[in-house]
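Now for the letters of each chain:
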Amino acid sequence: MDQTFSLQSPVWKQPRGCYGSNYWTVYSPKLKRDVNLYSNLERDNWVLVESNPQIIWFCEAPVRIRIKIAGHDTQTIPDMFVRFRDGREEYQEIKYARDLERLEMNGQRTRQILGQETWCALAGANHRVVTDLVIRANPLYLTNWKCVLAHLASAARLNDVPERDNVISTIAGRSVWRLAELEQACFPLQPQMARLIVFQLLHQGEVVAPLDTCPLNGALEIRRMNGNPVAA
């Protein structure tokens, strides 16, 4: 029985203040709404989800699971659900690797994970435990994308600015641009607006940049996706 297509919105929101500095409300350009995250690690995982153009939709705290595990009635909510462009779907539970090493045979965390895995198996859904070793494998990538997403959040109402066509046509003139020279080539458009539009195109997968290996500065190389002209 496939239960994934009924997902619409989070099933739970922790009241503000209960998580202190580990509680995050962030704006998702992909969903065009605020997303609530309940740890620094969940926030970092969201950055990976939000920055991946192959993920077309996601939902935090997507479903409340009630199931009996090892004789205990267990309630659990997966941290994230993602849907990929190719149709794949996945429930994710976010954990620190050190906590997985200390799992007790009949402990709450063990029942939580087993409950999610069992429910997903019955529902015909994929489940994955994602640890900090995966999420934080590349700190530079996370840092760069946090900056990009902050810019996009600050200009959430500018998704269809008319200057977008100017930037797209400029990018299409060459296969590779350095970010600073691209901003200058888009004159009379202000460099800040040109950069914002480039960030939108990066987020949408229309252009690519080595954000995993290079700092986010004027020397960053911007390439047309697969060397093809950017779609208008």
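Because the structure is predicted, anything quoted here is derived from the model rather than measured.

**Some words on the pattern of salt bridges**
- Within the structure shown, the criterion is met by 11 salt bridges.
- Arginine 136 is the partner of aspartate 44 in a salt bridge, and the nearest nitrogen-oxygen pair spans 2.8 Å. Of this pair, aspartate 44 sits in helix α1 (residues 40–51) while arginine 136 is found in the loop between α4 (132–135) and α5 (139–154), placing the two residues 92 residues apart along the sequence.
- For the salt bridge of lysine 95 with glutamate 93, the shortest nitrogen-to-oxygen distance reads 2.5 Å. Summarising the burial analysis for this pair, lysine 95 and glutamate 93 share the class buried.
- Residues joined by salt bridges that share partners form a network here, namely Asp44, Arg136 and Lys146.

**Quick notes on the pairing of strand β5 (residues 72–76)**
- Sheet analysis places strand β4 (residues 65–69) next to β5, joined by 5 bridges and oriented antiparallel. Its bridge partner lying in β5, isoleucine 67 is registered against threonine 74.
- Where β4 folds back on β5, the antiparallel hairpin that results is connected by 2 residues, among which alanine 70 adopts a positive phi of roughly 50°.

**Some thoughts on the packing of α5 against helix α8 (residues 191–204)**
- Two numbers describe how α5 lies on α8: the axes approach to 10 Å, and their chain directions differ by 115°. Between α5 and α8, the angle falls in the class roughly perpendicular. Regarding α5 and α8, the two cross each other, and that crossing is left-handed. Where α5 abuts α8, its residues Trp145, Val148, Leu149, His151 and Leu152 lie against Leu196, Phe199, Gln200, Leu202 and His203.
- Here the residues of the contact of α5 with α8 are counted per class, giving 7 nonpolar, 3 polar and no charged.

**Regarding the side chain of glutamate 42**
- Along the polypeptide, glutamate 42 turns up in helix α1.
- Of the side chains with opposite charge, lysine 95 comes closest to the buried, unpaired glutamate 42, at an N-O distance of 7.5 Å.
- Apart from the residues lying within four places of it in its own chain, the contact partners of glutamate 42 are Leu37, Asp79 and Ile94.

**Details of the nonpolar core**
- Grouped together as the largest cluster of nonpolar side chains are 38 residues, with contacts concentrated most on Trp46, Phe58 and Val167.
- Secondary-structure elements contributing two or more residues to this core are β2 (33–37), α1, β3 (55–60), β6 (80–84), α5, α6 (164–171), α7 (179–185) and α8.
- With 7 residues, the single largest contributor to this core is α8.
- Excluding its chain neighbours within four sequence positions, the residues that come into contact with phenylalanine 58 are Ser28, Lys30, Leu31, Arg33, Val35, Trp46, Val49, Glu50, Met80, Phe81 and Val82.

**Describing the sheet that holds strand β11 (residues 221–224)**
- Strand order in the open sheet made by the 3 strands is β9-β11-β10, with antiparallel pairing throughout. On the outer flanks of this sheet lie β9 (176–178) and β10 (207–208), each paired with one strand and no other.
- Sheet analysis places β10 next to β11, joined by 2 bridges and oriented antiparallel. In the strand pairing of β11, valine 208 is matched with arginine 223.

**Considerations on the confidence of the model for the protein chain**
- Of the residues in the protein chain, 87% reach a pLDDT of 70 or more, and the chain-wide mean stands at 89.
- Overall, residues 1–5 carries pLDDT values under 50, and its contacts beyond four positions in sequence, including any with other chains, amount to 15 contacts.

**Side note on unusual backbone geometry**
- With an omega of 15°, the peptide bond running from phenylalanine 187 to proline 188 counts as cis.
- The residue proline 188 is located in the loop between α7 and α8 in this model.
- Even without being glycine, lysine 32 reaches a positive phi, approximately 60°.
- Take lysine 32: it is sitting in the loop between β1 (24–28) and β2.
- With a phi angle near 45°, alanine 61 is a residue other than glycine that sits in the positive phi range.
- Counting through the fold element by element, alanine 61 comes out in the loop between β3 and β4.

Calculation rules
Residues numbered from 1 in each chain as written. Predicted model: local features only at pLDDT ≥ 70, side-chain atom pairs only at ≥ 80, totals over all residues. Heavy atoms only, no water. Salt bridge = Lys/Arg side-chain N within 4 Å of Asp/Glu carboxyl O. Helix = DSSP H or I, 4+ residues; strand = E, 2+ residues; numbered from the N terminus. Buried < 20%, exposed > 50% of the residue type's maximum accessible area, 1.4 Å probe, protein only. Pairing = 2+ DSSP bridges. Axes fitted to C-alpha atoms, helices over the stretch in contact; angles between N-to-C directions. Parallel < 35°, antiparallel > 145°, perpendicular 65-115°, else oblique. Left-handed = near helix turned anticlockwise from the far one by under 90°. Contact = heavy atoms within 4.5 Å. Nonpolar A, V, L, I, M, F, W, Y, C, P; charged D, E, K, R; others polar. Lys, Arg positive; Asp, Glu negative; His and termini not counted. Core = buried A, V, L, I, M, F, W, Y, C linked by side-chain atoms within 4.5 Å. pLDDT = per-residue confidence, 0-100.

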